[in-house]
Amino acid sequence: MSEQGVVEGPDGLPRCPWGLESETMTDYRVYHDTEWGRPVHGDDALYERVSLEAFQSGLSWLTILRRREGFRAAFADFSIKKVAEFTEADEERLLADPGIIRNRAKIAATIANARAAAALAPGELSELIWSHAPASDGRPVPRTFADVPAITPESTALSRDLKKHGFRFVGPTTAYALMQACGLVNDHLADCHIRDAV
């Protein structure tokens, strides 16, 4: 992890260092400022994030961000109900789709995860995920990314619970990335201008 703290962006605002890039490439900055760490609720919305985090495993998050609309088109806007009904023909279609990451295991897991989510009661996926949010008081505020863990007891428990319900590609590290992205934890650095907003 980087020992670097916040970095001033081209607009003069302090941000987490990963939220910056060149002025002509703003994908990370927009995601950092408008989405990462902000609370996400709703089964379909959380299913999308679970799916994208699984596809990101082993890859750059930028790769996923730049293909996000392709993923949404390929996976019926991450409608749990629709993806749960995907067939082998849909799986083959996805394997040929250049708009997404064409990884057979991750595609199969995304479909299996929709089926696992569909087997839950409405709102239960959101409730299950949010039940693992740690208490915010008493959590140390990270000053550098060296202070940000990759796994926590809560992410390990979330991973275990999701797997118990039939989810795949949801190890403790992926579960923690999900928790960060969806606002269960606030890992914006102490001096990041977004921290208080989330």
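- The protein goes by DNA-3-methyladenine glycosylase I in an unreviewed UniProt entry, where it is assigned to Streptomyces iranensis.

### Here we look at the overall build of the protein
For step 1, the next point in the chain: In terms of helices and strands, the protein carries 10 helices and two strands.
For step 2, the next point in the chain: Start at the N end of the protein and walk to the C end: the helices and strands fall as β-β-α-α-α-α-α-α-α-α-α-α.
For step 3, the next point in the chain: The C-alpha atoms of the protein give a radius of gyration of 17 Å, which matches the 16 Å a tight globule of 198 residues would have.
For step 4, the next point in the chain: Viewed in the frame of its principal axes, the protein has a C-alpha envelope of about 50 × 40 × 25 Å.
For step 5, the next point in the chain: Split into buried and exposed, the 198 residues of the protein put 49% on the buried side.
For step 6, the next point in the chain: In the protein, 22 side chains carry a positive charge and 29 a negative one; their mean positions are 4 Å apart.

### Concerning the side chain of S126
For step 1, the next point in the chain: As for its placement among the helices and strands, S126 is situated in helix α8 (residues 124-130).
For step 2, the next point in the chain: According to the relative accessible area criterion, S126 is buried, its value standing at 11%.
For step 3, the next point in the chain: Of the polar contacts made by the side chain of S126, one reaches the backbone nitrogen of G42; its length is 3.5 Å.
For step 4, the next point in the chain: When neighbours within four sequence positions are excluded, S126 is seen to be in contact with H41, G42, D43 and L46.

### Brief notes about the pattern of salt bridges
A side chain of one charge can pair with a side chain of the opposite charge if their charged atoms are brought near each other.
For step 1, the next point in the chain: Within the structure shown, the criterion is met by 14 salt bridges.
For step 2, the next point in the chain: Where R15 meets D33, a salt bridge forms, and the shortest distance between an N and an O atom there is 2.7 Å. Here R15, found in strand β2 (residues 14-15), pairs with D33, found in helix α1 (residues 27-34); they are 18 residues apart in sequence, far enough to count as distant.
For step 3, the next point in the chain: You can call D33 buried: its relative accessible area is 15%.
For step 4, the next point in the chain: Across the pair R68 and E35 runs a salt bridge, and its minimum N-O distance is 2.7 Å. Of this pair, R68 sits in helix α4 (residues 68-74) while E35 is found in the loop between α1 and α2 (43-56), placing the two residues 33 residues apart along the sequence.
For step 5, the next point in the chain: Among the charged side chains, a salt-bridge network with shared partners connects E35, E48, R49, R68, E69 and R72.

So, how was this worked out
Each chain carries its own residue numbering, running from 1 in the written order of its sequence. Two thresholds apply to this predicted model, a pLDDT of at least 70 for residue-level local features and 80 or more for giving and counting side-chain atom pairs, whereas whole-chain, interface and lining totals are computed over all residues. Excluded from the side-chain calculations are hydrogens and water; all other atoms, namely the structure's heavy atoms, are used. The secondary structure listing takes helices from DSSP runs of H or I that are at least 4 residues long and strands from runs of E that are at least 2 residues long, numbered from the N terminus. In this description the radius of gyration comes from C-alpha coordinates, and the expected globular size is given by 2.2 Å times residues to the power 0.38. Each residue is assigned to one of three classes by its accessible area relative to the maximum for its type, calculated with a 1.4 Å probe on protein chains only: buried under 20%, partly exposed between the two thresholds, exposed over 50%. Positive: Lys, Arg. Negative: Asp, Glu. His and the chain ends are not part of the count. Every charge is mapped onto a representative atom, which is NZ of Lys, CZ of Arg, CG of Asp or CD of Glu. Within 3.5 Å is the distance limit for a polar contact, defined as a pair of N or O atoms, with the added protein rule that one can donate a hydrogen and the other accept it, and that residues adjacent in sequence qualify only through two side-chain atoms. Between two residues, a contact is recorded if the distance between any of their heavy atoms is within 4.5 Å. In what follows, salt bridge is the name for a side-chain nitrogen of Lys or Arg lying within 4 Å of a carboxyl oxygen of Asp or Glu.

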